[in-house]
Amino acid sequence: KQQWRNALSLLRETVPPSEPPNPILFSATISSCGRGKQWQLSLSLFDELQHRLGERPNATTYSSVVGACGRGRQWEAALALAR
């Protein structure tokens, strides 16, 4: 049930802020946070990835964050991502 915490720890340990982000690892962590009802954290990770990449994340990452918002019944937040 708390697997999102493990995923977040793994992300923080393997992707230091000084290195380029790994979109696959970010997407997996975003999904895990969504399954753990941590939609706000999913949005925060999405924003962090976007900022660190300097561009919009890929479709897989968008799908992960929209799914996280959906599981949290945050439809407005999910729709805002499409804009």
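The structure this text deals with has already been given above.
Before going into details, it helps to say that this report is about the structure given with it. (Residues numbered from 1 in each chain as written. Predicted model: local features only at pLDDT ≥ 70, side-chain atom pairs only at ≥ 80, totals over all residues. Heavy atoms only, no water.)

1. Regarding the nonpolar core
Ranked by internal contacts, the top residues of the largest apolar core, which has 18 residues, are L11, F26, L43, L45, F46, V65 and L81. At the level of secondary structure, the elements contributing two or more residues to this core comprise α1 (3-14), α2 (23-35), α3 (39-53), α4 (59-71) and α5 (75-81). Per-element tally for this core: the top contributor is α3, with five residues. (Core = buried A, V, L, I, M, F, W, Y, C linked by side-chain atoms within 4.5 Å. Buried < 20%, exposed > 50% of the residue type's maximum accessible area, 1.4 Å probe, protein only. Helix = DSSP H or I, 4+ residues; strand = E, 2+ residues; numbered from the N terminus.)

2. A short note on unusual backbone geometry
Residues other than glycine seldom take positive phi values, yet K37 does so here, at roughly 65 degrees. For K37, a relative accessible area of 57% puts it in the exposed group. A positive phi angle is found at R73, which is not glycine, with a value near 60 degrees. Mapped onto the elements of the fold, R73 is located in the loop between α4 and α5. Look at R73 and you get exposed, because its relative accessible area is 66%.

3. Let's talk about α4
Note on helix geometry: an α-helix contains 3.6 residues per turn, so any two residues three or four positions apart are oriented the same way. When the terminal C-alpha atoms of α4 are compared, their 18 Å separation across 13 residues agrees well with the 18 Å that a helix rising 1.5 Å per residue should span. Looking at α4, one finds that the buried residues are T61, Y62, S64, V65, A68, C69 and G70. Put simply, N58 is the residue that caps the front of α4, since its side-chain oxygen is 3.1 Å from the backbone nitrogen of T60. A positive backbone phi angle near 60 degrees is found at R73, which sits one or two residues after α4. (Expected span 1.5 Å × (residues − 1). Polar contact = N/O pair within 3.5 Å; in protein donor to acceptor, adjacent residues only side chain to side chain.)

4. Description of the environment of W75
Following the sequence through the fold, W75 ends up in helix α5. With 26 residues separating them in the primary sequence, W75 and L49 have C-alpha atoms 21 Å apart.

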